[in-house]
Structure formats: structure tokens, C-alpha cells
Amino acid sequence: MAKEGVEKAEETEQMIEKEAGKEPAEGGGGSHRLGDAQEMRAVVLAGFGGLNKLRVTRKAMPEPQDGELKIRVKACGLNFIDLMVRQGNIDNPPKTPLVPGFECSGIVEALGDSVTGYEIGDRVMAFVNYNAWAEVVCTPVEFVYKIPDDMSFSEAAAFPMNFVTAYMMLFEVANLREGMSVLVHSAGGGVGQAVAQLCSTIPNVTVFGTASTFKHEAIKDSVTHLFDRNADYVQEVKRISAEGVDIVLDCLCGDNTGKGLSLLKPLGTYILYGSSNMVTGETKSFFSFAKSWWQVEKVNPIKLYEENKVIAGFSLLNLLFKQGRAGLIRGVMDKLIGLYNQKKIKPVVDSLWALEEVKEAMQRIHDRGNIGKLILDVEKTPTPLMANDSTETSEAGEEEEDHEGDSENKERMPFIQ
């Protein structure tokens, strides 16, 4: 692994040197014309697998079709689902090569036919069905939202996926109300912090959270009761609340499904919105997939009936891109922007990374080293120092998850917010 870490750092430095010879002096971006074709920088996934499948390369710049906006990207969100896409660890993965990424922020550069409500120069954030990790994207107008005046581009790129997911689960699926209690896993991540903030907008809501111990000091004010991610949280929760909780938000899957259901009060709701336990190494593991699947408690509808419990699933990307609920999501975004303007919620940005540093950024998420959201800053100049720092933590990513809470490894990567 040490050799692979050094190779990754050297590859990053080579990309930096290559870009330095092509890009303008200002920032790390800029488009180029080769002949008559205008090109852009983009992160390309050459094939499913490890970090070595990612490259920053030049691609033809897209132009907006009917109903689309062309956005000059300033920042992109990096989510755990992007790691699963890289590994091919999702249902019906698209064909490679592809440009990853599902959300971004930037400036409207052109409007397709029939687009209304936006002007060139508008600051926007958007959902994108892949292709977000590039200097320019085109996406249908129904997936685009104007950025509040005092929200930065990095905050805007951290906003849509995390806060819409959190809001939909809490209020649309589980019907969170005053006096209820919520258990959320990965409380220090982007969705976890969004959940905690949204719970604080409702009176007397108790939030239980699991997270690596080294994150507890940073997030202790947003979560009522914090437990180490490797602790027996079922017993810890029941020690505080003998009946359990009203809502369980599970992004882990595996044996946590059964534990979550056992913690539900009568009329409680368990929601699965991820399966990060399936990601243990850098590449897709059949053993990890099989283990996680085997550990999932087989749900008996009769038992749910007898115990008055609800089990649900939530996938924002499927809701948007496969099930045609863009109108519903726009209504949620309007409410969330209102809460932001009232200063009741605010995206937590962990760190900023250049496109060329995408491998190191992904490794940080894999190691559960982030507090809040990692952002790809399209205009950021890559720094070899950061790449070297990240290789020190890369070996930790190959260990079993029992070691992922080790703060010594996680704190070597600088926070750059």
C-alpha cells in the first residue's frame, strides 16, 4: 500500500505539471480551443475500480439543448455515492468512460430554447445526472436553483444533496414533529449534519448520533447524545430512552438494519438511504457485498404489523432522475433556501480540493475523515503538499472499518474551509 500511495502522489504531481503547462495563470481552470472545438477540463472515470481509474482530461464542452442551462462550474459536491459509482457498486451502472458527480454550483453561461426564469450571469446550484465534475455542465432547468446572495459557491455545492435528502426523510417520509427522537448514523457527515440542523428547527427533538470518536468534539453541539461508531449503540440508546426512538436514519445497512428496527418505538419509522457498509476496500468486494446482504434482517410484514413499525427507503437520485419528482424537490428546495435565509441552517464544508486532487478527496471520504462535505473547487490550484499528506492516510483506507475511527490518521489531512 505504501508503494501505491507514493505512486498516487507522483501521479497527482504529474497532472499538476501537465496542467501548469496548459492552463492560464489565473486559477486552475479555463477553456481552450483546439481547432474549432472548445474544450474543458473534467474528471473522467475510465472504468469501474480503484482510484487509478480516475483521470483529469480534456473533453468537448457541452452546449445546452432545449430546456437546459449551460453552467460554468465553480464547485462540485463529493458524496459517498460517488465512491460506490467508481467501484461499480450500484444497480445498473452506466457505461464507462463517464464524468462522475451529481451536484454543482456555478454561473449560467447560456440558455437553451424554451428556458425561462433564468438569465446569463445568474448564480445557481444544480443537480446533474452524472457529468458534474467538469468546468462546464448542461442540465435541465427543472434541476437548477438560484443561490442566495450570501451563500458561497462551495456552500451551494454542499447544499442540494445533503439538505434535500435530510428534509425529505425527516418531514416527508417520517413526519418529524415536536418532542420526537431521531437516531442518525454518520452524524459527522454531510447528511448527518444536515439532519441535526433540521431537527433543531423543531422544538424539543432529541438527536442520537453515531460517529468516529475524533469527530465528537466538533459536532457535540449539534447532536444531543453522541456514541462511537463502533460502540454498542443499541444499549446506549436504550439506557437513555428505554422505549427507543421515533425515527432511525440508516446509511450503513448490514446488521444495522435489524438494530435500527429493534430501536423503534411503536409507530416509529426506519429509513434506509445508503449502504456504505458494502464499501470496505478501494475496489468492489463481493465478500463485503455478500456479508452486508447476509446481515440484513429479513423483514416480516406480520411482525411490522404486530409491532406498529414502519420501514422505508429513500433515494434522492432515483426520485429526481427516474421517478420524475423534480417539482416536489423544487418545493423542498424553496423551503430549505428559506431556512437558510433565516439563518436556521448552513452547509458544513469540510475541505476544498482541486479537480486533480479528486483521488485524495475520495480517500478522505473512504476513511470517514470528513466532518461535513468535501468540495471539488474547479478553480483551485492543486498542491503537491496536500497530495503527499493524503498518501499518509491512504493505507488506512485498506484496513477493516474497525480502524477507521483512528483520529491520528484522519487529522493529518488539513481542513481548508
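Residues numbered from 1 in each chain as written. Predicted model: local features only at pLDDT ≥ 70, side-chain atom pairs only at ≥ 80, totals over all residues. Heavy atoms only, no water.

Undergrad: So what exactly am I meant to see when it comes to the sheet that holds strand S13 (residues 264-272) here?
TA: Sheet strands pair via backbone hydrogen bonds, and the direction of the pair is either parallel or antiparallel. Reading across the sheet, the six strands line up as S11-S10-S9-S12-S13-S14 and stay open at both edges, with parallel pairing between neighbours. Edge positions in the open sheet fall to strand S11 (225-228) and strand S14 (310-313), since each of these has one partner strand only. In this sheet, adjacent strand axes meet at a mean angle of 15° when their direction is disregarded. Sheet topology places S13 next to S14; four bridges connect them, and they run parallel. Within S14, the residue paired with Thr-269 across the bridge is Val-310. Sitting on the sheet, helix H8 (residues 256-263) touches strand S9 (181-184), strand S12 (245-250), S13 and S14, and the angle it makes with S13 is about 150°. (Pairing = 2+ DSSP bridges. Helix = DSSP H or I, 4+ residues; strand = E, 2+ residues; numbered from the N terminus. Axes fitted to C-alpha atoms, helices over the stretch in contact; angles between N-to-C directions. Contact = heavy atoms within 4.5 Å.)

Undergrad: So what exactly am I meant to see when it comes to the pairing of strand S15 (residues 349-353) here?
TA: Regular strands have side chains that alternate between both faces of the sheet. Burial runs high along S15: five of the five residues are buried. With four bridges connecting them, S15 and strand S16 (residues 373-377) associate as parallel partners. If you follow Val-349 over to S16, its bridge partner there is Lys-373. Chirality of the crossover, the property in question, places the unit of S15, helix H13 (residues 358-366) and S16 among those that are right-handed. (Buried < 20%, exposed > 50% of the residue type's maximum accessible area, 1.4 Å probe, protein only. Right-handed = clockwise from strand over helix to strand, strands pointing away.)

Undergrad: Got a minute to help me understand helix H5 (residues 190-199) in this structure?
TA: At 3.6 residues per turn, the α-helix brings residues three or four places apart onto the same side. With ten of ten residues buried, H5 is to be regarded as a mostly interior element. For H5, every residue scored as buried is listed here: Gly-190, Val-191, Gly-192, Gln-193, Ala-194, Val-195, Ala-196, Gln-197, Leu-198 and Cys-199.

Undergrad: Help me understand the side chain of Asn-370 in this model?
TA: Following the sequence through the fold, Asn-370 ends up in the loop between H13 and S16. At 2.7 Å, the side chain of Asn-370 and the backbone oxygen of Gly-372 are in polar contact. The residues touching Asn-370, leaving out its near neighbours within four places in the chain, are Gly-188, Gly-189, Lys-215, Asp-350, Arg-364 and Ile-365. (Polar contact = N/O pair within 3.5 Å; in protein donor to acceptor, adjacent residues only side chain to side chain.)

Undergrad: What is the right way to look at the pattern of salt bridges in this model?
TA: Oppositely charged side chains are able to pair whenever their charged atoms sit close together. Within the structure shown, the criterion is met by 16 salt bridges. With its nearest N and O atoms 2.8 Å apart, the salt bridge here joins Lys-220 to Glu-217. Residue Lys-220 is classed as partly exposed on the basis of its relative accessible area, which comes to 43%. Assessed through its relative accessible area of 58%, Glu-217 is described here as exposed. (Salt bridge = Lys/Arg side-chain N within 4 Å of Asp/Glu carboxyl O.)

Undergrad: When you look at the confidence of the model for the chain in this model, what are you seeing that I'm missing?
TA: For any part of a model where pLDDT is low, the fine detail of the predicted coordinates should not be relied upon. Averaged over the chain, the pLDDT score is 84; the fraction of residues at 70 or greater is 78%. This stretch, residues 1-28, has a pLDDT under 50; its non-local contacts, to residues over four places away or in other chains, come to 50 contacts. The low-confidence segment residues 387-417, where pLDDT is below 50, has 73 contacts with residues more than four positions distant or belonging to other chains. (pLDDT = per-residue confidence, 0-100.)

Undergrad: Help me understand the environment of Gln-65, please; the structure alone is not making it clear to me.
TA: By the element assignment, Gln-65 lies in the loop between strand S3 (54-60) and strand S4 (68-78). The sequence separation of Gln-65 and Gly-112 amounts to 47 residues, and the corresponding C-alpha distance is 5.3 Å. With residues near it in sequence (within four places) discarded, Gln-65 still touches Gly-112 and Asp-113.

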